[in-house]
Amino acid sequence: MKDKKLIRVTTVPVSLLKLLAGQCKFMSDYYNVIGVSSPGPHLDEVNKVEGIRVVEVPMTRTISPVTDLKSLIKMYQLFKREKPFIVHTHTPKAGVVGMFAAKLAGVPHRLHTVAGLPLLLVKGRKRKVLDLVEKFTYACATKVYPNSSGLYDIILENNYCEAQKLKVLANGSSNGIDLNYFDPQHFDEVQKQKLRTGLNIATTDFVFVFVGRMVGDKGVDLLVKAFEKLQQSYDDVKLLLVGSVEAKMDPLKAESYQSIETNKSIITVGNQRDVRPYFAISDALAFPSFREGFPNVVLQAGAMGLPSIVSNINGCNEIIVPQKNGVIVPVKSADALFEAMLEFRKDRSATQAMAANSREMIVSRYDRNVVWEAILQEYQNLENHV
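Residues numbered from 1 in each chain as written. Predicted model: local features only at pLDDT ≥ 70, side-chain atom pairs only at ≥ 80, totals over all residues. Heavy atoms only, no water.

K.L.:
Please set out the sheet that holds strand 7 (residues 206-211) residue by residue, giving values where relevant.
P.N.:
Overall, parallel pairing links the 6 strands, which are arranged 9-8-7-10-11-12 in an open sheet. For this open sheet the edge positions go to strand 9 (266-270) and strand 12 (326-329), each flanked by a neighbour on one side alone. The average angle at which neighbouring strand axes cross in this sheet is 25°, direction not considered. Of the pairings in the sheet, the one linking strand 8 (residues 237-242) to strand 9 comprises 4 bridges and is parallel in character. Paired with Leu-241 across the two strands is Thr-268, which belongs to strand 9. (Pairing = 2+ DSSP bridges. Helix = DSSP H or I, 4+ residues; strand = E, 2+ residues; numbered from the N terminus. Axes fitted to C-alpha atoms, helices over the stretch in contact; angles between N-to-C directions.)

Here's what the structure looks like:
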């Protein structure tokens, strides 16, 4: 089977490196795997870490007709030359370029994973254009894999494609989670105390952690507002923000930036290669995102033994079972978020009970080996449909 070529395509190489970490290496035991993405140091790292061949095809995340046409031509030429058995795309731009090029090149099996639909937050004429692009991507694909049941329903509701093309693999998620890596046992009390001291966090503080891009549609404005209201009731709470600020694409409100800068109980550490230590010193994840595919952050927090407060969106509301490993609040409601955070702090015993359930609920459903085997099985089933 290794003579058959599998080409995995993402718009930017960090998706191959991080979001699909380990998966290409696993698949290379069964297929001749090639990773395709935009050029950059991360693509070179994919080559080293995953042990697969990589090919550069410049792509932009925004709509750019001239660049997109160049990407399409280069992708088509690559597929005609390599003659892959499967092309499997992730992310919107890689999806439309990769699926169209694969169809033009006569690739027999054209698979696309949907891990979120940013267009759901867009309105007007641009939304109509993006809807057409989404439908076109799915029309070029032979199979479409939404990575959550919620996304499956949204795709059908919007008539992006017919149900027989759709399938959610395993229990959802594009890559599952490495439970050996995300394990609280890696951090002892000495390590945790050293980090707390460096961040001016007392052992008795109740720490809410947020991990992700610091942008509007991740709900960070709501989180800052809810936290500052919580401070009026408790002075032993901290908000730990882990992630990069993206001021151009989807900036926070000016008052949020000001609060983050001036409030000594709001601690920012920027983008971190290893987020586990920050989960290890926290009591709960606060993740009020407006949209997700299947959020790795919620999986990671759960694997590290944290209960989560999440918004009622697809993915989040599949990982969290209310009062078992967290709570679910309405989307875009600062008041509901505040009430949940207040309850977490007020009733620490209930919070700790949810924390005790959190890791096992991830272990039983989202081990990455289960996800990889489900994807491999899907590939192997195609052997009988050539």
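There's plenty left to go through after this.
K.L.:
I'd like to hear about helix 10 (residues 254-262), residue by residue, with values.
P.N.:
Listing the buried residues of helix 10 in full gives Ser-256, Ser-259 and Ile-260. Within helix 10, the buried residues cover an arc of 100° as seen down the axis, which keeps them to one side. Exposed side chains of helix 10 directed beyond 90 degrees from the buried face belong to Ala-254, Glu-255, Gln-258, Glu-261 and Thr-262. (Buried < 20%, exposed > 50% of the residue type's maximum accessible area, 1.4 Å probe, protein only. Arc of directions from axis to C-beta.)

K.L.:
How would you sum up unusual backbone geometry? Please name residues and give values.
P.N.:
Positive phi values are uncommon outside glycine, yet Lys-83 reaches one of about 50°. By secondary structure assignment, the location of Lys-83 is in the loop between helix 4 (65-82) and strand 4 (86-90). Residue Lys-83 is classed as exposed on the basis of its relative accessible area, which comes to 64%. Positive phi values are uncommon outside glycine, yet Thr-91 reaches one of about 75°. In this fold, Thr-91 is placed in the loop between strand 4 and helix 5 (92-104).

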